[in-house]
Amino acid sequence: MNASAQPAPWEKLLDGRFDSKRPGRTLWGLFADQRGRVALAVLLYIIKQSPSSLLPLAVGMIVDALTNGGDGAFRHILAIAGVYFLLLLQNPLVHTTFVRLMSGALRHMQFNLRSALVERLQELSITFYEEKQTSALQTKLLRDVDAIDGLCRHLMHTGLNGLLVITYVTIIALIKQPLLAVYFLVTVPAGVALLKIFDRRFKEQYKAMRVETEQMNIRVGEMLQMLPVTRAHGLEDFETRGVRSVFERIRERGLQVDTLTEFFASSSWFTFMLFQLACLVFSAWLVVHHRITVGDAVMYHTYFGMLIGAVQQFLSVFPALAQGADAVRSLGEVLEAEHIEHNDGKPAATDPLRGEIIFDHVGFSYPRGREVALTNISLHVRAGETIAFVGESGAGKSTLVNLAIGFRQPTAGKILLDGRDLRELDLRTYRRQIGVVPQTTLLFNGSLRENVTYGLDHVTDDTLWQVLADANLATFVRSLPQGLNTPLGESGTMLSGGQRQRLAIARALVRNPRLVILDEATSALDTESERLVQEALVRLTKGRTTLIVAHRFSTIRHAHRIVVLHKGAIVEQGTQDELLARNGQFSRLARLQGVQQLHA
Ligand code: ADP
Ligand code: MG
C-alpha cells in the first residue's frame, strides 16, 4: 500500500519470510525488528537472576567457613553476605526493566503478526474464502496468535532460566570438580532421549486439538447464526445435540492432550529424581573418601537439584513448543496462501471510467466445478447501457458478474474495460469506481449513516439526504427518532427486505459510481416495496453502465438489452419485445414466472 514510505514492519512477514515448515526460524524472524531489545532483555535476565544462581555457591562457602571454624570465620561469612546483599539489591529494578523490555517485544510481535494477517486477508482472492470458514480464520487471528505469544513468554522465562542454570552449573562444576561436570552432562542426553520419545505424539495431538477447536468455533458460530431458524422449527434439541457432539470431541481430545503432557512431565520427573538420588550417594562417597569438603557436597547437591529443575523446566517448554509450532503452521495457511490478488505495480484504471465492458470469448470453470460455468461469452456493453441477465438458477449469471468485478479471472478469453484487459489493471482502482449491490445486503454494527457511507470520509448531510431520497429511503429515515444515527445492530434486524435493498442501493449511489453491478435479491416483495425498489434502481442505473442479474420483470423492463443465459452460454439477446416475439427461451422463462407480472 505505502510504496513510497518504508514498508511497515509486518509487511516483511508477507514477503515469504513466514515459513511454516521452519517454525523455529519463523518465530525468531517475528522478532526481526526487536533483536536489540531482546538481547538487552536477555542480558538483564542474567543479571537479575544472579542471586538465585549463585545461592548454592554462597551456601557452600558459608558451610565450609563454619566447618573450618577459626577466628575469621564469622567475618568471612559477613563478607559473603555483604556481596550477596548487593546482588539482591539490583534485582527489583533490573527485573522491572527486563519485564518491560520483554513485554514490549512480545506485544510488538503480536501486533505485527495480527497486522500482517489482516493485511493478507484483505489481499486474498475470493476463492480463498470459499475454502475457509470465517470462524476458523477468526480462531487463527485470536487463538493462534495468542498461542505464539504464550510460547514466546514461556521460552523467555522458563526456557531462559533453564538454559542459564544449565550453563552456570556446568561452568562451576567444571571449575570446581570436573568429575561432577561429566556426571551433570549425563542428564542432558537423558532429556533429549525423552524428547525424542514424545516428539511425534505431541505434534499429532496438538494439531488435532487445534483442528477440533477451529471446528468448534465454526459450529458455534453456525449455531448462533441459525438460531432464529432453529427456534422457528422447534429444532433446539437437534442443534444442542449437534453442538454438544463437537464439545464431546474437544473433551476427549483435551483429555488425551492433558494425559500426554502429564505423562511426559512425570516421566521426566521420575528419571531426574533417580539421577538426583545417585548424585547424593556419589557426593557422600566423595566426602567420606575426603575427595571434597562437606560444603562442596552441599553446594553440588543444591546445584544438581537446580540443574534437574532446569532441565525439567526446559523440557516443560517442549509441549508449548509443539503447540506454538502448530500455531505457526496454522497461520501459514493464511500468510502463505497462494490465492493472492496481485495489484501492486499494475497501472490504475482510468479515472473516471467511461464504462465500456467487452466480454471477449470468455470462458470460466470453477477449480472444483464439475462442468464449465461459462462458455464462449462474447458481449459488448456500451458505456451507459443497462444489461439485464436472466436465466434459470445455475445458468452462470452470478459467475458472469463476479468476473466483471474481477473476483475471478476468466479461464478463457478476456474482459476489456474501456479497451484494457482487466487482468492488467490494479483492480482496487477499478473497484473504487463501481457500485456493487449484492444479492444479500451485508450490514455491520454501526449507525445507518455509517452503513451507507461505509469507507467514505467526507459525505455531507446534504449529499446523504439526496442519496437517501434517490434510494427512496428518506421518508423512512426521517420517521426514525434517531434519524441518520439510528443504530442498525449487527444484522440490521429492524429493516425489512425492501429497506435493506434500498439501503444497498443508497450505499452504491453515494459512491457515484461509473459502473453498477447488481445481483438482484430473489426474495419476493409486496407491490409497494417493489415499486420503491424499482424507482430507486432506475435512479441508480441512469446514465451508468449497469449489469443486473434480474429476477423481476419490472427490472427487466428498464434494461436496454436482455441477455439470456442457459448452461453457461448466451442463448438469446435483445429487447423485451424482441425476445417475446421470438417465443424462445425468454418467453418460456417469462411464462414460468407469471405473465401477469410481465404486463404489470
Ligand atoms: P446463477 O447465478 O445463474 O444461479 P452461478 O453463476 O451461481 O449461477 O453458477 C453457475 C454454475 O457454476 C452452476 O453450475 C454452479 O453449480 C457452479 N458454481 C457456482 N459457484 C461455484 C463454486 N464456488 N464452485 C464450483 N462451482 C460453482
Ligand atoms: Mg446467482
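Keep in mind it's a predicted model, so treat the numbers as computed, not measured.

Quick notes on the rules
- Residues numbered from 1 in each chain as written.
- Chains lettered and ligands numbered in written order.
- Predicted model: local features only at pLDDT ≥ 70, side-chain atom pairs only at ≥ 80, totals over all residues.
- Heavy atoms only, no water.
- pLDDT = per-residue confidence, 0-100.
- Helix = DSSP H or I, 4+ residues; strand = E, 2+ residues; numbered from the N terminus.
- Contact = heavy atoms within 4.5 Å.
- Expected span 1.5 Å × (residues − 1).
- Buried < 20%, exposed > 50% of the residue type's maximum accessible area, 1.4 Å probe, protein only.
- Near = heavy atom within 4 Å.
- Polar contact = N/O pair within 3.5 Å; in protein donor to acceptor, adjacent residues only side chain to side chain.
- Areas by Shrake-Rupley, 256 points an atom, 1.4 Å probe, with all protein chains shown as cover.
- Nonpolar A, V, L, I, M, F, W, Y, C, P; charged D, E, K, R; others polar.
- Axes fitted to C-alpha atoms, helices over the stretch in contact; angles between N-to-C directions.
- Parallel < 35°, antiparallel > 145°, perpendicular 65-115°, else oblique.
- Left-handed = near helix turned anticlockwise from the far one by under 90°.
- Salt bridge = Lys/Arg side-chain N within 4 Å of Asp/Glu carboxyl O.
- Pairing = 2+ DSSP bridges.

**Observations concerning the confidence of the model for the protein chain**
Consideration 1: The predicted model of the protein chain averages 86 in pLDDT, with 96% of residues at 70 or higher.
Consideration 2: By mean pLDDT, the top-scoring element of the protein chain is strand E1 (residues 357-364) (96), and the lowest-scoring one is helix H20 (residues 595-598) (44).
Consideration 3: Within the model, pLDDT remains below 50 along residues 595-600, and this stretch shows seven contacts once partners closer than five positions in the same chain are excluded.

**What to know about helix H16 (residues 527-541)**
Consideration 1: Between its first and last C-alpha atoms H16 spans 21 Å; for 15 residues at 1.5 Å apiece the expected length is 21 Å, and the two agree.
Consideration 2: Every buried residue of H16 is accounted for by Ser529, Glu530, Leu532, Val533, Gln534, Ala536, Leu537, Leu540 and Thr541.

**With respect to the site of ligand 1**
Consideration 1: Around ligand 1, 13 residues are found, and the nearest of them are Gly394, Gly396, Lys397, Ser398 and Thr399.
Consideration 2: Take Tyr366: an N or O atom from its side chain is 3.4 Å from a nitrogen atom of ligand 1.
Consideration 3: One nitrogen or oxygen atom from the main chain of Lys397 is found 2.9 Å from an oxygen atom belonging to ligand 1.
Consideration 4: Protein contacts shield 61% of the accessible area of ligand 1, which totals 550 Å² for the unbound molecule.
Consideration 5: When residues in the shell around ligand 1 are grouped by element, the largest group, three residues, is from helix H10 (residues 397-405).
Consideration 6: For the shell around ligand 1, a count of residues per class yields three nonpolar, six polar and four charged.

**Things to note about the packing of helix H3 (residues 50-68) against helix H6 (residues 134-176)**
Consideration 1: Across the interface, H3 lies against H6 with an axial gap of 11 Å and an inter-helix angle of 30 degrees. What the angle tells us is that H3 and H6 run roughly parallel. Where H3 crosses over H6, the two elements pack in a sense that is right-handed. Here Ser50, Ser53, Leu54 and Leu57 of H3 come into contact with H6, specifically with Leu164, Tyr168 and Ile172.

**Some points on the pattern of salt bridges**
Consideration 1: Tallying each qualifying case throughout the model produces 30 salt bridges.
Consideration 2: The salt bridge involving Glu212 is made with Arg249; its shortest N-O contact spans 3.2 Å. Here Arg249 lies in helix H8 (residues 236-288) and Glu212 lies in helix H7 (residues 178-232), a separation of 37 residues in the sequence.
Consideration 3: Overall, Glu212 belongs to the buried group, its relative accessible area being 13%.
Consideration 4: Classification of Arg249 by relative accessible area gives partly exposed; the value is 39%.
Consideration 5: Across the pair Arg539 and Glu535 runs a salt bridge, and its minimum N-O distance is 3.9 Å. Of the two residues, Arg539 and Glu535 both sit in helix H16, four residues apart, roughly one turn of that helix.
Consideration 6: Overall, the relative accessible area of 34% leaves Arg539 in the partly exposed class.
Consideration 7: The network of salt bridges with shared partners includes Lys140, Arg210, Glu214, Asp326, Arg329 and Glu333.

**Topic: the sheet that holds E1**
Consideration 1: As summarised here, the arrangement of the four strands in space is E2-E1-E4-E5, forming an open sheet in which the pairing is antiparallel. The sheet is open, and its two edges are formed by strand E2 (374-381) and strand E5 (420-421), each paired on a single side.
Consideration 2: As paired strands, E1 and E2 are joined by five bridges and run antiparallel to one another. Paired with Val362 across the strands is Ile377, a residue of E2.
Consideration 3: Along the sheet, H10 makes contact with E1, E2 and strand E4 (412-417), crossing E1 at roughly 120 degrees.

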